[in-house]
Amino acid sequence: MSPVQLFLAFAAMCGAVVFLSLMPDESGGSDGVVDLMAEDGIASQIFGGGLTAATPSDDTENETDPNKLRSADFYGWKAKDYGVAAYGDSILHLNTIVEDYPRGLQYPASYRFAGFDPSCTPRPPREDEVIANVSVGYGDRPSGLQAFDTDALIKASLSWLERKYKGSANLTPSQLVPDRDGMAIIDVIVTDTSAPQYLVLQHWMSDVLWNVMLAPGVEVSHIAVVGPGGALNPPWGDYDIQFLSTRAADCVPRVARTPRPTWEMVSRPGAGQMSQDYLAEARAAYDNYTAWFLTHFDNFAESNVVGFYVTKHVLVGPVPTTPIPYRALEGAEVLVTEKDYVFVSPPEVRDPFLIQVQLDILSDAAGGDLALLAPAPMQRESGEATR
């Protein structure tokens, strides 16, 4: 049996395995790099190389033309680093909204698990509340929070191993780590003081870490997080929080936006039948989702909505007269929908731990001896093939 077949067989067995959520010991994680990557060790034979760091995204801090703060994508606008999605599908510069925006990775201090609401039903809004309707595809600014399930770990290991034995070059151990860039942060900057804010935070791709910050005088009355999963850094206040899952077929429909002329699937010249098929699918998804939204919020999903397909920051309310202080994740305790593995550790602590977990998986797949996945060359008898 080949190494890939061995791993496939073990991965199939792992489908029923449940791991506890783990946070590696901060004190000794970096020592694991030396042990795992020892030049004469089997891990080095299989993995090779060392750990690599996540690369930063684009930099538009000094951009003065709002039109250059976003670009068109297949499913809508893609905002750049300092682009803020605002009402009316408009875009603003982040420096006009907040001050002291941190450029590096942000690590929460700790986390708590928050389960999905089994009722799949958001609390009805009150007459005195305003719906703060935020809807995005996904975020692409990484945080230091990483959360995933066992199946993601197995998938990453299997994908890596297949590439390894197909002869792919430049493989590194860090590529074994699922979602290594961490959960994407989306800043929700709320400045509307006209009424208590009922935040409906919606996304339809990947996991999102919603970082909510309030201008002086803003009152939050409820937060409903709608999507496949993720995390929330909630602001101070007296209100309830609901996580509503779009993963279960009988819970909430997939979050969807109505197609706009700015979407590339609509405007791309010569896109042909493929775009028409995607367009029909997008319209059907929106019809399904907005029917659910209308039932529970007495309004359409596109009513006063703010957000792009790819968004790092959104503004709910008017531009503040002076920028408000940015609320960083440092020191925060975030709520995370339940995952098998959750980390708020830097890569040099987290990656060796996860690589060791995968080494153990591979060792079990090989029958207890990891060397079987990278056997030493053997000389056959004369006349036979040499490997």
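Remember, it's a predicted structure, so these values are computed and weren't measured experimentally.

1. Observations concerning the pattern of salt bridges
Okay, step 1: Counted under the stated rule, the structure contains 11 salt bridges.
Okay, step 2: For E129, the salt bridge goes to R123, with nearest N and O atoms at 2.8 Å.
Okay, step 3: Accessibility expressed as a relative area gives 22% for R123, which makes it partly exposed.
Okay, step 4: Taken together, the shared-partner salt bridges connect D81, R103, D140 and K312 into one network.

2. A look at the packing of aromatic side chains
Okay, step 1: By the definition in use, this model includes 19 aromatic pairs.
Okay, step 2: Every member of this aromatic cluster is reached through a ring pair, and the members are F74, Y75, Y138, W204, W263, Y278 and Y309.
Okay, step 3: Sitting above the plane of the W77 ring, R70 keeps its charged end 4.0 Å from the centroid.
Okay, step 4: The aromatic ring of W204 is capped on one face by R254, whose charged end is 4.4 Å from the ring centroid.

3. Observations concerning the environment of S157
Okay, step 1: One can find S157 in helix α4 (residues 150-165).
Okay, step 2: Relative accessible area serves as the criterion here: at 2%, S157 is assigned to the buried category.
Okay, step 3: Taking the C-alpha atoms as reference points, S157 and Q175, separated by 18 residues in sequence, lie 8.8 Å from one another.

4. Observations concerning the confidence of the model for the protein chain
The predicted coordinates should not be examined in detail at positions where pLDDT is low.
Okay, step 1: With 76% of its residues at a pLDDT of 70 or more, the protein chain shows a mean pLDDT of 81.
Okay, step 2: Low confidence marks residues 1-56, where pLDDT is under 50. Its contacts with residues over four positions away, or in another chain, come to 109 contacts.

5. Side note on the state of the cysteines
Okay, step 1: Taken as a whole and judged by the stated rule, the model has one disulfide.
Okay, step 2: Residue C120 pairs covalently with C251 via a disulfide, S to S 2.1 Å. Of note, the bridge from C120 to C251 carries an S-S torsion of about -115 degrees and is left-handed in sense. Taken together, the positions of C120 in the loop between β6 (110-114) and β7 (130-136) and C251 in the loop between β14 (240-245) and α5 (264-267) put the pair 131 residues apart, joining distant regions of the chain.
Okay, step 3: Taking the relative accessible area as the measure of exposure, C120 reaches 16% and is therefore buried.
Okay, step 4: Judged by relative accessible area, C251 falls into the buried class, the value being 14%.

Conventions and cut-offs
Residues numbered from 1 in each chain as written. Predicted model: local features only at pLDDT ≥ 70, side-chain atom pairs only at ≥ 80, totals over all residues. Heavy atoms only, no water. Salt bridge = Lys/Arg side-chain N within 4 Å of Asp/Glu carboxyl O. Buried < 20%, exposed > 50% of the residue type's maximum accessible area, 1.4 Å probe, protein only. Phe/Tyr/Trp six-rings, centres within 6.5 Å; stacked < 30°, edge-to-face > 60°. Lys NZ or Arg CZ within 6 Å of the ring centre and 35° of its normal. Helix = DSSP H or I, 4+ residues; strand = E, 2+ residues; numbered from the N terminus. pLDDT = per-residue confidence, 0-100. Contact = heavy atoms within 4.5 Å. Disulfide = S-S within 2.5 Å.

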